[in-house]
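Here is how the chains run, residue by residue.
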Amino acid sequence: VLLGRPGETAIDLKTPMRLTPDLRSLEQIREAALRDRPSLLIAETEMKKSEDARRLARRSYLPDLELTGSYQRIRSDGLEGAGIENDWAGEVALTFPFPGAKRQRGLVKEAEAERRRSSIAREAAARETSAAIERAWRSLRAAETQARRFEQSLLPDAEDALHSGIDSYQYGQIDSLSMLDIYRTYKETQIAHTRSLLAALLARAELEVAGEEEDKP
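Visitor: Talk me through the overall build of the chain; I want residue IDs and the actual numbers.
Guide: Along the chain, the regular secondary structure elements total 4 helices and 2 strands. Each helix and strand of the chain, ordered N terminal to C terminal, gives the series α-α-β-β-α-α. Buried positions account for 23% of the 217 residues belonging to the chain. Nonlocal contacts in the chain, meaning residues at least 24 apart in sequence, comprise 76% of its contacts between residues at least 6 apart.

Right, here's the structure in full:
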């Protein structure tokens, strides 16, 4: 519908625009965000990887058991004629770490340090996201309050003033300049209401990505 229309062409809305408030509480939004935000999911994955690396490093102190086996069918041509023999082979290897090896201790300390770092990073990301959500939520509530104020009082007052002005103009009680001034006030109120709705929509969009648009270490 909008393709090919000049930018200055007015759009005739069939129904008036009204505020659709976000009824979720701050705690509901925060809980969903801390569960589903991509940056927090990535941080959670990194923390799990570091935990796995720490467990693997600790296992370097334990003996390493390795079992191998093989089976082979051999065809032999002897004096008694051709035949098939089954040949089984197996091997057991047990490797013990060298007591007090610096390499094992270094791997464990490195893995534990990485685990602490990833845990701290996850907590910091959660705090930053929670704070960003609260700021965005307060901005959304302020924008919705402003839009609601237009719909509950300012717009009805402007419409009543316009209708009264039209009646007064028809009965010659006001001149055309006064009528134009009333109409201008009415249109300015409509424009301000539309801007408040736009601010509420933008605030809602910012709330949905709060904490994701900021650069994280």
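Resuming the write-up.
Visitor: Provide a residue-level description of the nonpolar core, including the pertinent values.
Guide: Within soluble globular proteins, side chains that are nonpolar tend to cluster in buried spots. The biggest cluster of nonpolar side chains holds 11 residues, and these are Leu26, Ile29, Ala33, Ala132, Ile133, Ala136, Trp137, Leu140, Ala203, Leu207 and Ala210. At the level of secondary structure, the elements contributing two or more residues to this core comprise α1 (26–36), α3 (102–170) and α4 (176–208). Not counting chain neighbours up to four residues away, the residues in contact with Ile133 comprise Leu26, Ile29, Arg30, Ala33, Arg37, Leu207 and Ala210. In this structure, Ala143, Ala147, Leu197 and Ala200 belong to the second largest nonpolar core, which totals 5 residues.

Visitor: Explain the packing of α1 against helix α2 (residues 38–58) to me, using residue names and the numbers behind them.
Guide: Orientation of α1 relative to α2, taken along the N-to-C sense of each, is 50°, at an axis distance of 6 Å. It follows that α1 is oblique to α2 by the angle criterion. Side by side, α1 and α2 meet where Ala33, Leu34, Arg35 and Asp36 of the first sit next to Pro38, Leu40 and Leu41 of the second. Its residues assigned to classes, the contact of α1 with α2 shows 5 nonpolar, no polar and 2 charged.

Visitor: For the environment of His163, give the residues involved together with the corresponding values.
Guide: Tracing the backbone shows His163 in helix α3. Linking His163 and Ile182, residues 19 residues apart in sequence, is a C-alpha distance of 9.5 Å.

Visitor: An account of the pattern of salt bridges is requested, with residue identities and associated values reported.
Guide: Where charged atoms from two side chains of opposite charge come close, those side chains can pair. Across all of its chains, the model carries 13 salt bridges by this definition. Across the pair Arg30 and Glu27 runs a salt bridge, and its minimum N-O distance is 2.7 Å. With a gap of 3 residues between them, Arg30 and Glu27 both fall in helix α1, about one helical turn apart. The salt bridge partner of Arg30 is Glu134, with a shortest N-O separation of 3.6 Å. In this pair, Arg30 is assigned in helix α1 and Glu134 in helix α3, connecting sequence segments 104 residues apart. In this structure Arg30 comes out as buried when scored by relative accessible area, which is 13%. Owing to a relative accessible area of 27%, Glu134 belongs among the partly exposed residues under this scheme.

Rules used in this analysis
- Residues numbered from 1 in each chain as written.
- Predicted model: local features only at pLDDT ≥ 70, side-chain atom pairs only at ≥ 80, totals over all residues.
- Heavy atoms only, no water.
- Helix = DSSP H or I, 4+ residues; strand = E, 2+ residues; numbered from the N terminus.
- Buried < 20%, exposed > 50% of the residue type's maximum accessible area, 1.4 Å probe, protein only.
- Contact = heavy atoms within 4.5 Å.
- Core = buried A, V, L, I, M, F, W, Y, C linked by side-chain atoms within 4.5 Å.
- Axes fitted to C-alpha atoms, helices over the stretch in contact; angles between N-to-C directions.
- Parallel < 35°, antiparallel > 145°, perpendicular 65-115°, else oblique.
- Nonpolar A, V, L, I, M, F, W, Y, C, P; charged D, E, K, R; others polar.
- Salt bridge = Lys/Arg side-chain N within 4 Å of Asp/Glu carboxyl O.

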